[in-house]
Amino acid sequence: MNILALFKPVTTFVFDVDGVLTDGTVQLLPNGEQSRKMSIRDGYALQLAIKKGYRIVIISGGKSESVVSRLQGLGIKDIYTGITDKQEKLQDYVFEHDLRWDEVIFMGDDIPDYRAMQLVGLPVCPADAAPEIKSICRYISPINGGMGCVREIIEKVLKLNDHWTIDEEIASR
């Protein structure tokens, strides 16, 4: 089977945060806060996907107000942080929104994502994901976490469905 055929039916993107939307490192600041960095290119793709009617879901074990604020600023509404059982949260979300598993993509990078990723039609990961995660993925991005791997996945789906465009409103910011 052509791997691109698995990307075409996707309507819902599920992403972990640390190691996927970020590079997986945390900078410890003198005041005790932690900082992370995210790719602006991922941000553009996330915004465009939302405008084109795709669901973006964040399921993270971490709890960072600055991360939530950034994601909300991009227009993401389905943000779940502090989640200890990602599989259960994902099952609840899919059931609540009456989704099929083949239309859900999950991008994770480490062991806490493992069980949830096994449920979806298209489990994917960044190039620098843990070996256990790579072993269950149908596609491994050539890009590391936090460096544009999210955009690469979103761009594939949107291009296959003729939804990848230059959005003048987003581009002018």
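Structure's up top.
This structure is a prediction, so every number in the text was calculated from the model and none was measured.

What counts, and at which threshold
- Residues numbered from 1 in each chain as written.
- Predicted model: local features only at pLDDT ≥ 70, side-chain atom pairs only at ≥ 80, totals over all residues.
- Heavy atoms only, no water.
- Helix = DSSP H or I, 4+ residues; strand = E, 2+ residues; numbered from the N terminus.
- Rg over C-alpha atoms; globule rule 2.2 N^0.38 Å.
- Buried < 20%, exposed > 50% of the residue type's maximum accessible area, 1.4 Å probe, protein only.
- Contact = heavy atoms within 4.5 Å.
- Areas by Shrake-Rupley, 256 points an atom, 1.4 Å probe, with all protein chains shown as cover.
- Lys, Arg positive; Asp, Glu negative; His and termini not counted.
- Charge placed at Lys NZ, Arg CZ, Asp CG, Glu CD.
- Pairing = 2+ DSSP bridges.
- Axes fitted to C-alpha atoms, helices over the stretch in contact; angles between N-to-C directions.

1. Some remarks on the overall build of the protein
A tally of helices and strands in the protein yields 8 helices and 8 strands. Relative to the globule expectation of 16 Å for 173 residues, the C-alpha radius of gyration of the protein, 15 Å, shows essentially globular dimensions. Seen through its principal axes, the protein has C-alpha atoms that stretch 50 × 40 × 30 Å. Expressed as a percentage of the 173 residues in the protein, the buried residues total 46%. Counting contacts in the protein only where the partners sit at least 6 residues apart, residues at least 24 apart contribute 56% of the total. Accessible surface computed for the protein: about 8800 Å², of which carbon and sulfur atoms make up 49%. Looking at the protein, you have 20 positive and 25 negative side-chain charges, and the mean spots of the two groups are 4 Å apart.

2. So, the pairing of strand β7 (residues 122-125)
Taken residue by residue, a regular strand's side chains alternate between the two faces of the sheet. Burial along β7 is two-sided: L122 and V124 and P123 and C125, pointing in opposite directions, are all buried. Two strands pair when backbone bridges link them, and strand β6 (residues 104-107) and β7 are joined in this way by 3 bridges, in the parallel orientation. Counted as the bridge partner of F106 is P123 from β7. Two strands pair when backbone bridges link them, and β7 and strand β8 (residues 139-140) are joined in this way by 2 bridges, in the parallel orientation. In the strand pairing of β8, C125 is matched with I140.

3. Things to note about the sheet that holds strand β4 (residues 55-59)
The strand order across the open sheet formed by 6 strands is β5-β4-β1-β6-β7-β8, and the pairing between neighbours is parallel. The open sheet has two edge strands with one neighbour each: β5 (78-80) and β8. Sitting on the sheet, helix α7 (residues 149-160) touches β1 (12-15), β4, β6, β7 and β8, and the angle it makes with β1 is about 170°.

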